[in-house]
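Each chain, written out:
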Amino acid sequence: MIIRRYLVKQVVSTSLVVTALLTLIIMGGQLIKIFGRAAQGRLDAGVLLSIIAYRLPEFLTLILPLGFFIGLMLVFGRLYVDHEMAVLNGSGVSRNQLAKLLLPMTFVYLLVQSFLMFWGSSSGIRAYESLMQTQAVRAGFDLVRPKEFISSGPYTIYAGSLSEDRKNLKDIFYYQKAEREDKPDVMILAKEATRVEMANDTANVVDLVQGRRYEIYPNQPRYTQAEFQSYRLRLENDKDIKFESDDVEALSMSKLWQKRDDSVVRSELGWRIFGPFVILVALLLAVALSEVSPRQGRYYRLIPAIFIFASLIVLMIAIKTRISKEELDIWAYPVVLLVYAIAAAIFARKQKLAPKIKKGIQRVGL
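Please read all numbers here as calculations on a predicted model, not as lab measurements.

Q: Explain the overall build of the chain here, please?
A: Regarding its fold elements, the chain presents 11 helices and 6 strands. Counting only residues that meet the buried cut, the chain has 42% of its 366 residues in that class. Residue pairs in contact within the chain that sit at least 24 positions apart in sequence constitute 64% of those at least 6 positions apart. Element-wise, carbon and sulfur atoms account for 60% of the exposed surface of the chain, whose accessible area totals about 20700 Å².

Q: Before we go on, may I ask you to explain the pattern of salt bridges in this structure?
A: Once the charged atoms of two side chains with opposite charge are near each other, the side chains can pair. If you walk through the whole model with that rule in mind, you get 11 salt bridges. Across the pair glutamate 291 and arginine 95 runs a salt bridge, and its minimum N-O distance is 2.8 Å. Here glutamate 291 is found in the loop between helix H8 (278-289) and helix H9 (302-324), whereas its partner arginine 95 is found in helix H4 (residues 95-101), with 196 residues between them in sequence. Note on glutamate 291: relative accessible area 15%, which makes it buried. Overall, the relative accessible area of 11% leaves arginine 95 in the buried class. Its salt-bridge partner being glutamate 249, residue lysine 320 comes within 3.7 Å of it at the nearest N-O pair. You can see lysine 320 sitting in helix H9 and its partner glutamate 249 sitting in the loop between strand E6 (223-235) and helix H6 (253-258), a full 71 residues away along the chain. Given the relative accessible area of 18%, lysine 320 is considered buried. For glutamate 249, a relative accessible area of 30% corresponds to the partly exposed category. Sharing partners across several salt bridges, the network here consists of Glu249, Glu268, Arg272 and Lys320.

Q: So what exactly am I meant to see when it comes to H9 here?
A: Taking 1.5 Å of rise per residue, the 23 residues of H9 would be expected to cover 33 Å, and the 33 Å separating its terminal C-alpha atoms lies within 8% of that figure. Buried within H9 are the following residues: Leu302, Ala305, Phe309, Leu312, Ile313, Met316, Ile319, Lys320 and Ile323. Where the residues of H9 are buried, they touch helix H2 (48-81), helix H7 (263-274), H8 and helix H10 (332-348). Looking at the residues trailing H9, positive phi occurs at glutamate 326, about 65°.

Q: When you look at the UniProt feature "transmembrane region" (unreviewed entry) in the chain in this model, what are you seeing that I'm missing?
A: Feature annotation in UniProt places "transmembrane region" (unreviewed entry) on residues 12-32, 59-81, 101-120, 269-287, 299-319 and 331-348, given in this structure's numbering. In this annotation, residues 59-81 is assigned 100% helix and 0% strand; the end-to-end C-alpha distance for the span is 33 Å. Overall, residues 269-287 shows 84% helix and 0% strand. The separation of its end C-alpha atoms is 30 Å.

Rules and cut-offs
- Residues numbered from 1 in each chain as written.
- Predicted model: local features only at pLDDT ≥ 70, side-chain atom pairs only at ≥ 80, totals over all residues.
- Heavy atoms only, no water.
- Helix = DSSP H or I, 4+ residues; strand = E, 2+ residues; numbered from the N terminus.
- Buried < 20%, exposed > 50% of the residue type's maximum accessible area, 1.4 Å probe, protein only.
- Contact = heavy atoms within 4.5 Å.
- Areas by Shrake-Rupley, 256 points an atom, 1.4 Å probe, with all protein chains shown as cover.
- Salt bridge = Lys/Arg side-chain N within 4 Å of Asp/Glu carboxyl O.
- Expected span 1.5 Å × (residues − 1).
- UniProt positions renumbered as here; feature names shortened; annotations may be inferred.

Next up, the structure:
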């Protein structure tokens, strides 16, 4: 049908643009933190794109419904402002019929949202945690770049040159800050360094050649110095980084179902099962709230409508928290969705109800 193809094309293109913009805005804070850690040498710059890809499904579970709703509001608002809705109504096509024409597209969005919530988000979180655990054991010489000072935890390292296999370094500067105030800081200067592979050991071990080792006491006028021909240095992993791989958000649906007696697991399970249905509520609310007159403009009701739809998302998240604290049960999710759906139906019929209510009041007055 021509009208359906026209509407689907407009809604899909608009919602995708809005979703992309919201993704860039919301992920901006996370990207700044990731780039900051990479600049400090705590992350390998080569994994930045992988981190973004793994975190993207998690963000899309919240962004996609909002982008879809805003896209519907903009498209329906433009139909009213450009008098296209008046032409369609004059041709016998009501806005409710337009909503029915958009149902197949809405179910596609619902399937995409279900995929993200059932599998995409959890698998992305698991891959992200696995990658960050791998990066957490990287210390010191794993992150060395030629002619750059690299900080990793208490270590600061500089190398004048680095071989392609990253095993041989030259012109080494190494500084380790003391963990306690009564202990000295350690500074080492060496001509060469060679990586040593140790079985079942995640720490970095290097053999330094022809150098000097200094022990420096901060705020005190004393230090010790020792020269060496060969010196083995061991750099421990960054122990400050901790990850919880058993987080319920990272569990698969099968594991959630097995542990469904737990309140926290049940809150996550309900969120994944009923969360995708906000897409259907988005269609109902957009049809009901998008009606504007040409003089008002299509943005007249956009901001209030966004707040109404955002309140649904916030309420669903609040219910998730309440269920985890055993204050509510999983039935609260469908109840909230049903309440918003009924409210959308009432909004859609307000123009028909208002005259009837007015006439009823007049009759009572007579």
